[in-house]
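# Understanding the architecture of this molecule
As a plain string of letters, each chain reads:
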Amino acid sequence: MPVIVRPKFLEMEDPPAFKITPNQRKSITDILNTERRIDGRRAHDTRKFQIEFSNNSTIVRLGKTLVSCTNTLTQEKPPEERPSEGRHVITISSPYYGDYAFHTEAINQIRNVIHKTRALDLESLVIKIGELIWCLKSEIVILNND
């Protein structure tokens, strides 16, 4: 059974205006009528998934979508309000999108997944409480957004 994720804007009293082009409307109608996506997959078929790791970077392929992530570590003084937590900074860039809202929402979703699943424990990035922490920087580049 697929999990349905409800976008935050649907929970708002006055959601932002949703604009759809005639071409997008036709594509959506065609997909609903044929029960096939543009790439030929059925509604619940998944795309091929592949992950390649190296020393400080990862390449992720999901169908024709291609994403690179490079991680670096630096030492710094912790902020006074969080002396016993390290930092994790995520940036996203893409040659295809200048859409700030897309990047912001993607960063928030990635951060939530990492922190809610405890895949990264910020306390483990502390070298000495109140004096020195690790700052993990994850630079994500969307090379092909399909």
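Everything below is about the structure shown above.
Residues numbered from 1 in each chain as written. Predicted model: local features only at pLDDT ≥ 70, side-chain atom pairs only at ≥ 80, totals over all residues. Heavy atoms only, no water.

### Some remarks on a nonpolar patch on the surface
There is a patch of nonpolar side chains on the surface, built from Phe49, Ile51, Phe53 and Leu62 and spanning about 420 Å² of accessible area. In terms of residue count, strand 1 (residues 49-53) provides more of the nonpolar patch than any other element does, 3 residues in total. For Ile51, the position within the fold is in strand 1. (Patch = residues over 30% accessible without salt bridge, like charges linked within 9 Å, V, L, I, M, F, W, Y side chains within 5 Å. Areas by Shrake-Rupley, 256 points an atom, 1.4 Å probe, with all protein chains shown as cover. Salt bridge = Lys/Arg side-chain N within 4 Å of Asp/Glu carboxyl O. Helix = DSSP H or I, 4+ residues; strand = E, 2+ residues; numbered from the N terminus.)

### So, the pattern of salt bridges
For the structure shown, the criterion picks out 5 salt bridges. Residue Asp30 is joined to Lys26 by a salt bridge in which the shortest nitrogen-to-oxygen separation is 2.8 Å. Taken as a pair, Asp30 and Lys26 lie in helix 1 (residues 22-34) at a separation of 4 residues, close to a single helical turn.

### With respect to the pairing of strand 3 (residues 65-76)
For strand 2 (residues 57-62) and strand 3, the ladder comprises 6 bridges, and the chain directions are antiparallel. Bridging from a neighbouring strand, Ser57 pairs with Thr70 of strand 3. Counting the residues between successive antiparallel strands, the hairpin from strand 2 to strand 3 contains 2 residues, one of them, Gly63, with a positive phi of roughly 65°. Here strand 3 pairs with strand 6 (residues 132-144) via 11 bridges, running antiparallel. (Pairing = 2+ DSSP bridges.)

### Notes on the environment of Arg42
Tracing the backbone through its elements, the reader meets Arg42 in the loop between helix 1 and strand 1. What makes Arg42 partly exposed here is its relative accessible area of 39%. It is 9.1 Å that separates the C-alpha atoms of Arg42 and Ile31, two residues lying 11 residues apart in sequence. In this structure Arg42 touches Glu35, Arg36 and Arg37, once residues within four positions along its chain are discounted. (Buried < 20%, exposed > 50% of the residue type's maximum accessible area, 1.4 Å probe, protein only. Contact = heavy atoms within 4.5 Å.)

Note that all results are geometric; they support no functional claim without further evidence.
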